[in-house]
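Summary of the model geometry
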Amino acid sequence: MNLDFNLNLSQQQKLVMTQQMQMSVKLLQMSSLELNEYVEKEIEENPLLETEYTDKTDNKETNEEIDYKELVKYLEFDNYGHESTYRKENEEVSPFNFISNEESLQEYLLKQIGEVNLDIKTRKICEYIIENLDEKGYLPDDILQIASELKINEEIAEEALEIVQSLDPDGVGARNLGECLKIQLEKKNIYDDNLFLIIDKHLNNIAENKYNVIAKELGISPKKAQEYGDIIKKLEPKPSRGFYTGDETKFIVPDAAIKKIDDEFFIVMNESSTPKLSINTTYKDIINDKKSENAETQEYVKSKLNSAMFLLKSIEQRKSTLYSVLKEIVDYQSEYFHNGSKYLRPMTLKDIADKINMHESTVSRAIREKYVYTDNGIVKIKDLFTTAIQNVKISEGDLSSIAVKESIKELIDNENKVSPLSDQKISEILNSKGMNISRRTVAKYREEMNIKASSKRKRF
């Protein structure tokens, strides 16, 4: 066995990403919220960075800037919130929008208990029960356990629970789904043995629209069974819905707005989605002091200055890249922005990357978790990229999967609910319109849109 230990020199080309390049890529693919969190952390660690608050009434703006801002003055980014960033000038704002975000269910219930005329002992028991409700507004603990913990008899604990269950929202304090629904019916003064029996035994059948099974067991018509089902479906299974739970809320902050003005589209970058940063000039004397004996301090300040400058440059580059991508998307998808999702053209990352001379991966990072505000609402940029449906031949050209889904949804929305359309029938209708879509594709898209099969859409 021969082992050849020869020393050979070879030349290879490798792309080695520096730390700055890696950070630039990382910043590009951050969402607005992620970028804000990162910037806040950098401000804490880098004394040369400071937040610059811009006065919107600054008179130093040029006439051109003022005119442009007048053009889009109805775009307001500062009041962004949960899944909504814009509010029209004269639109009424409901106070409940703020209450639901700030007040927890427990706080709401404790406030009500404070207004009920109760003795101190009963009030404390009610407060204890309220503090032990779960995230849905149910009481997971056995009432015997609560009685034991508070060293009271079961009857007193039951009375306190009944008081809690009498509070708003209806169904709160229930120990299970069935009790939650029954409490709501009783508060509506609805007392029907069949309804209570369906809640006890047939909630699964209600969920699957198996009204024939319910009708047969109760000795009623399928239509009457469905009427009962409709009543139950209007009840709230989660009393805590709409209240602040303490869980992390996902906020959507659009990076830009695409607005049509005089039949022309404008891209307005959301300047307030990230804080305006500047360099603290108080440290410049340290860098410029050539006689300074503290070289270590100078090196530290210089490194922080380089870091700060790079961050500013990267944020600006991120905005510029996104703007370039959006500009090409608007040009490519002009029919969509004019007329809605039915007109969304098949579009790939490569289509846009080739237009702006960028790599597909750069476009992919630029649109990651980014949203834009449009006349069609807040749209995830990634959702505008869709592949063409194979074998679809229509006069308007290629058809996107989203457009096909819209067609499927429209057919189902307008179908006869007594005899809903099967996937095969939908396929045949679309084929007659020039869309060669198989039954399997219809089923796949229907499921992606969370639309039930025809057997579960049937009504009597």
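Report on the accompanying structure. This one's a predicted model, so the numbers in the text were calculated from it and none came from an experiment.

What counts, and at which threshold
- Residues numbered from 1 in each chain as written.
- Predicted model: local features only at pLDDT ≥ 70, side-chain atom pairs only at ≥ 80, totals over all residues.
- Heavy atoms only, no water.
- Pairing = 2+ DSSP bridges.
- Helix = DSSP H or I, 4+ residues; strand = E, 2+ residues; numbered from the N terminus.
- Axes fitted to C-alpha atoms, helices over the stretch in contact; angles between N-to-C directions.
- Contact = heavy atoms within 4.5 Å.
- Parallel < 35°, antiparallel > 145°, perpendicular 65-115°, else oblique.
- Left-handed = near helix turned anticlockwise from the far one by under 90°.
- Nonpolar A, V, L, I, M, F, W, Y, C, P; charged D, E, K, R; others polar.
- Patch = residues over 30% accessible without salt bridge, like charges linked within 9 Å, V, L, I, M, F, W, Y side chains within 5 Å.
- Areas by Shrake-Rupley, 256 points an atom, 1.4 Å probe, with all protein chains shown as cover.
- Salt bridge = Lys/Arg side-chain N within 4 Å of Asp/Glu carboxyl O.
- Lys, Arg positive; Asp, Glu negative; His and termini not counted.
- Charge placed at Lys NZ, Arg CZ, Asp CG, Glu CD.
- Buried < 20%, exposed > 50% of the residue type's maximum accessible area, 1.4 Å probe, protein only.
- Polar contact = N/O pair within 3.5 Å; in protein donor to acceptor, adjacent residues only side chain to side chain.

Remarks on the sheet that holds strand β5 (residues 371–374)
One open sheet accounts for four strands, arranged β3-β2-β5-β6; its pairing is mixed. A single partner strand is all that each edge strand has here, and the edge strands are β3 (264–269) and β6 (377–380). For this sheet the average axis-to-axis angle between neighbouring strands, irrespective of direction, equals 25 degrees. Relative to β3, strand β2 (residues 256–261) runs antiparallel, the two being bridged by six bridges. What sits directly across from lysine 259, in β3, is phenylalanine 266. Each of β2, β3 and β5 is contacted by helix α15 (residues 295–332), which is oriented at about 160 degrees to β3, the strand it contacts most.

Focus: the pairing of β6
Direction of pairing for β5 relative to β6: antiparallel, over a ladder of four bridges. Following the sheet pairing, valine 372 is matched in β6 by valine 379. Linking two consecutive strands that pair antiparallel, namely β5 and β6, is a turn of two residues.

Some remarks on the environment of tyrosine 336
One can find tyrosine 336 in helix α16 (residues 334–339). Here the alpha-carbon distance between tyrosine 336 and asparagine 376, two residues 40 residues apart in the chain, equals 9.3 Å. Discounting chain neighbours no more than four positions away, the residues touching tyrosine 336 are Ser341, Tyr343, Leu344, Asn376, Val379 and Leu384.

Observations concerning the packing of helix α6 (residues 120–131) against helix α8 (residues 154–165)
The N-to-C vectors of α6 and α8 enclose an angle of 70 degrees; their axes lie 9 Å apart at closest approach. Between α6 and α8, the interaxial angle falls into the category roughly perpendicular. For the crossing formed where α6 meets α8, the hand is right-handed. Note on element contacts: α8 touches α6 through Ile156, Ala157, Ala160, Leu161, Ile163 and Val164, opposite Lys121, Thr122, Ile125, Cys126, Ile129 and Ile130. Split by residue class, the contact of α6 with α8 holds 10 nonpolar, one polar and one charged.

Things to note about unusual backbone geometry
The phi angle of most residues is negative, glycine excepted, and most peptide bonds adopt the trans form. Here aspartate 168 and proline 169 are connected by a cis peptide whose omega angle stands at 5 degrees. Assignment of secondary structure puts proline 169 in the loop between α8 and α9 (177–187).

A closer look at a negative patch on the surface
A grouping of Asp142, Glu154, Glu155, Glu159 and Glu162 is seen on the molecular surface, where their side chains present a negatively charged patch. Tracing the backbone through its elements, the reader meets aspartate 142 in the loop between α6 and α7 (143–150). Its relative accessible area of 43% is what places aspartate 142 among the partly exposed residues.

Digging into the side chain of glutamine 106
Tracing the backbone through its elements, the reader meets glutamine 106 in helix α5 (residues 105–115). Of the polar contacts made by the side chain of glutamine 106, one reaches the backbone oxygen of leucine 133; its length is 3.4 Å.

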